[in-house]
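# Residue-level structure breakdown
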Amino acid sequence: MTTVAEPAEQLLYRPEEAAKALRIGRSMVYEEIRLGRLQTVRIGRRRLVPPEYIAQYVELLKREAEASA
C-alpha cells in the first residue's frame, strides 16, 4: 500500500482555512481579500493564501494597532 506523506508545512491555504488560522470568519477573509489587505495567489479559478501572506496580514494588523494606540 502506497501512502503519501503530509508536507511538514502547508504551502497554500483555502480562504476557509486562512479564516480558521486567523480566527476570523470566512466572509471577513473575503472582504479583506477584496480590499487588498490580504493577498492571494490564483490557480485557475481558485484563490489560495500562502502562509507568508497570512503573516504579512498579521503584521499589517499589528502596525494598525500600534498607530491607533
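Since the structure is predicted, the reported quantities are computational estimates derived from the model, not experimental observations.

A few words on the pattern of salt bridges. Inspection of the entire model under this criterion finds seven salt bridges. With its nearest N and O atoms 3.3 Å apart, the salt bridge here joins Glu-17 to Arg-14. Looking at Arg-14, the relative accessible area reads 40%, which means it is partly exposed. A salt bridge links Arg-37 to Glu-32; its shortest N-O distance comes to 2.6 Å. Looking at Arg-37, the relative accessible area reads 27%, which means it is partly exposed. Among the charged side chains, a salt-bridge network with shared partners connects Arg-14, Glu-16, Glu-17 and Arg-26.

Another point: the confidence of the model for the protein chain. For the protein chain, mean pLDDT is 92; residues scoring 70 or higher make up 88% of the total. Of all secondary-structure elements in the protein chain, the lowest mean pLDDT belongs to strand β2 (residues 46-48), at 96, while helix α2 (residues 26-34) reaches the highest, 98.

Taken together, the buried positions of α2 are occupied by Val-29, Glu-32 and Ile-33. Along the long axis of α2, the arc covered by the buried residues comes to 105 degrees, so they all point the same way. What points out from α2, more than 90 degrees from its buried face, is the exposed set Ser-27 and Arg-34. One or two residues past the end of α2 sits Gly-36, with phi positive at roughly 85 degrees.

Here is what the cut-offs are and how they apply
- Residues numbered from 1 in each chain as written.
- Predicted model: local features only at pLDDT ≥ 70, side-chain atom pairs only at ≥ 80, totals over all residues.
- Heavy atoms only, no water.
- Salt bridge = Lys/Arg side-chain N within 4 Å of Asp/Glu carboxyl O.
- Buried < 20%, exposed > 50% of the residue type's maximum accessible area, 1.4 Å probe, protein only.
- pLDDT = per-residue confidence, 0-100.
- Helix = DSSP H or I, 4+ residues; strand = E, 2+ residues; numbered from the N terminus.
- Arc of directions from axis to C-beta.

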